[in-house]
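Inside the fold
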Amino acid sequence: MATSSKAKKRTVRLASGRKRARQDVKLNAANSSLRSKFRTSIKNVLKAVAAGDKAQASELFKTAQGVIDSIADKGIFHKNKAARHKSRLSAKVKALAA
């Protein structure tokens, strides 16, 4: 009795399980979109810091803070991870002033 290396995808039989599978697809798409928004906002701040544009960096940092906080509130990332990212971005923006 040989089995293939790939696991077979099983279809769910119960109605509640099928509904859960449908909901998971939608939730995964929403979470992926928010994670992408999170990464983009951080990259934008880092690009402004690398360019040395303090005004733009501080403005982008303010918008990034909102994005990071909303993702932490929704439970996509842990609150400590959100705080770590905000702290590191803040330090880089403040370093431009010096």
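Everything below is about the structure printed above this text.
All values derive from a computational prediction rather than experimental measurement.

**Let's talk about the packing of helix H1 (residues 15–51) against helix H3 (residues 79–97)**
Where H1 contacts H3, the two axes come as close as 10 Å, and the packing angle between them is 20°. One way to sum up the angle between H1 and H3 is to call them roughly parallel. When the axes of H1 and H3 are compared, the crossing they make is left-handed. Mapping the contact onto sequence places Phe38, Ile42, Val45, Leu46 and Val49 in H1 and His85, Leu89, Lys92, Val93 and Leu96 in H3. By residue class, the composition of the contact of H1 with H3 is eight nonpolar, one polar and one charged.

**So, the environment of glycine 75**
Within the secondary structure layout, glycine 75 lies in the loop between helix H2 (54–73) and H3. Glycine 75 gets classed as exposed once you look at its relative accessible area, which sits at 56%. With 44 residues separating them in the primary sequence, glycine 75 and asparagine 31 have C-alpha atoms 9.8 Å apart.

Thresholds, definitions, all that
- Residues numbered from 1 in each chain as written.
- Predicted model: local features only at pLDDT ≥ 70, side-chain atom pairs only at ≥ 80, totals over all residues.
- Heavy atoms only, no water.
- Axes fitted to C-alpha atoms, helices over the stretch in contact; angles between N-to-C directions.
- Helix = DSSP H or I, 4+ residues; strand = E, 2+ residues; numbered from the N terminus.
- Parallel < 35°, antiparallel > 145°, perpendicular 65-115°, else oblique.
- Left-handed = near helix turned anticlockwise from the far one by under 90°.
- Contact = heavy atoms within 4.5 Å.
- Nonpolar A, V, L, I, M, F, W, Y, C, P; charged D, E, K, R; others polar.
- Buried < 20%, exposed > 50% of the residue type's maximum accessible area, 1.4 Å probe, protein only.

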